[in-house]
Amino acid sequence: MATRLVQINMKAHDDSALGRFWAEALGWGIDSEGPGVTNLEPVGFTYPHPSAVCIDLIARPEPKTAKNRVHLDLATTSAAHQAELVARLRELGATLADVGQGDVPWTVMADPEGNEFCVLEPRPVYEGTGPIAAVVVDCSDPRAMARFWDEAIDWKLHEVTDEGATMRSAQGVGPYLEFVRTPDTKSGWNRVHLDISPYRGDDPAVEEARLRALGATDPGIDQSAISWSILADPEGNEFCLLSPR
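Attention here is on the structure that accompanies the text.

Rules of the game
- Residues numbered from 1 in each chain as written.
- Predicted model: local features only at pLDDT ≥ 70, side-chain atom pairs only at ≥ 80, totals over all residues.
- Heavy atoms only, no water.
- Helix = DSSP H or I, 4+ residues; strand = E, 2+ residues; numbered from the N terminus.
- Polar contact = N/O pair within 3.5 Å; in protein donor to acceptor, adjacent residues only side chain to side chain.
- Contact = heavy atoms within 4.5 Å.
- Pairing = 2+ DSSP bridges.
- Axes fitted to C-alpha atoms, helices over the stretch in contact; angles between N-to-C directions.
- Parallel < 35°, antiparallel > 145°, perpendicular 65-115°, else oblique.
- Left-handed = near helix turned anticlockwise from the far one by under 90°.
- Phe/Tyr/Trp six-rings, centres within 6.5 Å; stacked < 30°, edge-to-face > 60°.
- Buried < 20%, exposed > 50% of the residue type's maximum accessible area, 1.4 Å probe, protein only.
- Salt bridge = Lys/Arg side-chain N within 4 Å of Asp/Glu carboxyl O.
- Expected span 1.5 Å × (residues − 1).

### Examining the side chain of E238
Turning to its location among the elements, E238 is positioned in strand β15 (residues 238–241). One polar contact links E238 to K186, side chain to side chain, over a distance of 2.9 Å. Looking at E238, its side chain comes within polar contact range of the main-chain nitrogen of N190, at 3.2 Å. For E238, the contacting residues outside a window of four places in its chain are K186, G188, W189, N190, H193, L194, P219, I230, L231 and A232.

This is the structure:
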């Protein structure tokens with residue numbers, strides 16, 4: 001048995017407005033499965049598929065108080081494309097952000113609700129990923145995170161060092177999942193987290209038990225009103241185990 005990364009979940013004060021920003025930023029379609037929920041995926045996409053990691057924006061009132069532990073890196077194809085994308089995103093409402101990055105070739109930005117993301121300089125490794133080059137998770141021990149997530153999902157582990165680890169779907173399509181060593185620590189509930197799902201026909205209870213045996217833990221919140229499971233990875237980052245897809 002295995003799971004797959006199907007989407008990221010992003011909390012928002014105004015899910016509709018933030019959804020419009022990200023739909024424009026990525027060139028994706030926008031939908032809603034109900035009040036307070038905005039769903040984004042590529043136009044013509046058949047969910048779920050490894051060619052894209054979709055985005056669900058969920059309305060929540062809590063303020064953003066710290067740098068997100070999970071963020072998106074956007075791909076570009078040339079220096080001109082990078083500059084054009086940065087300019088277009090600023091017109092849509094994004095701002096330049098300083099997270100202590102110093103002099104780097106990528107551009108750090110924040111969306112209209114302050115969620116950090118990066119517009120990368122052209123990198124051959126990200127050719128063909130689509131608009132999202134990578135979903136990036138800050139961590140203190142990339143090797144430990146790689147061990148857990150390599151077993152948790154059926155993506156292929158590409159590289160592991162003390163400074164970072166990289167995974168991608170076994171089919172070699174879509175964005176990368178990257179774990180990057182950072183000095184800051186987790187503070188409070190993550191406003192952006194990963195959503196994973198078993199394959200159709202698999203037993204979610206069995207899959208949850210398997211994840212717990214790998215090191216997933218209970219984040220200690222009331223889950224009586226939801227039909228999915230919320231767990232935490234070895235560094236305490238919350239993630240959701242959805243129903244089989």
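### Section: the sheet that holds strand β2 (residues 29–34)
Pairing is mixed in the open sheet, where 7 strands are placed in the order β2-β3-β4-β1-β13-β15-β14. A single partner strand is all that each edge strand has here, and the edge strands are β2 and β14 (229–232). When strand polarity is set aside, the average angle formed by the axes of neighbouring strands in this sheet is 30°. Against the sheet, helix α4 (residues 204–214) makes contact with β1 (3–12), β13 (192–198), β14 and β15, and its axis sits at roughly 150° relative to β15, the strand it touches most.

### So, the packing of helix α1 (residues 15–26) against helix α2 (residues 79–92)
One can describe the packing of α1 onto α2 by two numbers: an axis separation of 10 Å at closest approach and a directional angle of 160°. Judged by the angle between their axes, α1 and α2 are roughly antiparallel. Read as a crossing pair, α1 and α2 show a hand that is right-handed. Contact residues: α1 offers F21, E24 and A25, while α2 offers R88, L89 and L92.

### Some details on the environment of H193
Within the secondary structure, H193 sits in strand β13. Sequence separation of H193 and R20 is 173 residues, and the distance between their C-alpha atoms is 20 Å. At a separation of 3.1 Å, a polar atom in the side chain of H193 contacts the side chain of D195.

### Examining the packing of aromatic side chains
Inspection of the entire model under this criterion finds 7 aromatic pairs. Arranged with centres 5.2 Å apart and planes meeting at 85°, the rings of F21 and W22 form a pair that is edge-to-face. Taking the relative accessible area as the measure of exposure, W22 reaches 2% and is therefore buried. Pairing W149 with F239 gives two aromatic rings, centres 5.1 Å apart and planes at 65°, and the pair type is edge-to-face. Within this pair, whereas W149 is found in helix α3 (residues 142–152), its partner F239 is found in strand β15, the two being separated by 90 residues in sequence. W149 sits in the buried class, given a relative accessible area of 1%. For F239, a relative accessible area of 1% puts it in the buried group. These aromatic residues form a ring-pair network of at least three members: F21, W22 and F117.

### Quick look at the pattern of salt bridges
As enumerated under the stated definition, the model contains 10 salt bridges in all. Put simply, E62 and R60 hold a salt bridge, and the shortest N to O gap is 2.5 Å. The class for E62 is partly exposed, based on a relative accessible area of 33%. With relative accessibility at 36%, the residue R60 sits in the partly exposed group. Between E207 and R210 there is a salt bridge, with its nearest N and O atoms 2.4 Å apart. Placement of both E207 and R210 in helix α4 is noted, with a separation of 3 residues, approximately one turn of the helix. Residue class for E207 comes out buried when judged on its relative accessible area of 0%. By relative accessible area, which is 22% here, R210 ends up partly exposed.

### Digging into the environment of A97
Looking at where A97 falls in the secondary structure, it is placed in the loop between β6 (95–96) and β7 (107–110). Note on A97: relative accessible area 17%, which makes it buried. The contact partners of A97, leaving out residues within four places of it in the chain, are V108, M109 and A110.

### Observations concerning α1
End to end, α1 covers 16 Å across 12 residues, agreeing with the expected 16 Å (1.5 Å per residue, within 8%). Within α1, the full set of buried residues consists of D15, L18, G19, F21, W22, A23, A25 and L26. Capping of α1 at its N-terminal end is provided by D14; its side-chain oxygen lies 3.2 Å from the backbone amide nitrogen of S16. Of the residues trailing α1, G27 is marked for its positive phi of about 75°.

Everything listed here is a matter of geometry and, on its own, says nothing about what the molecule does.
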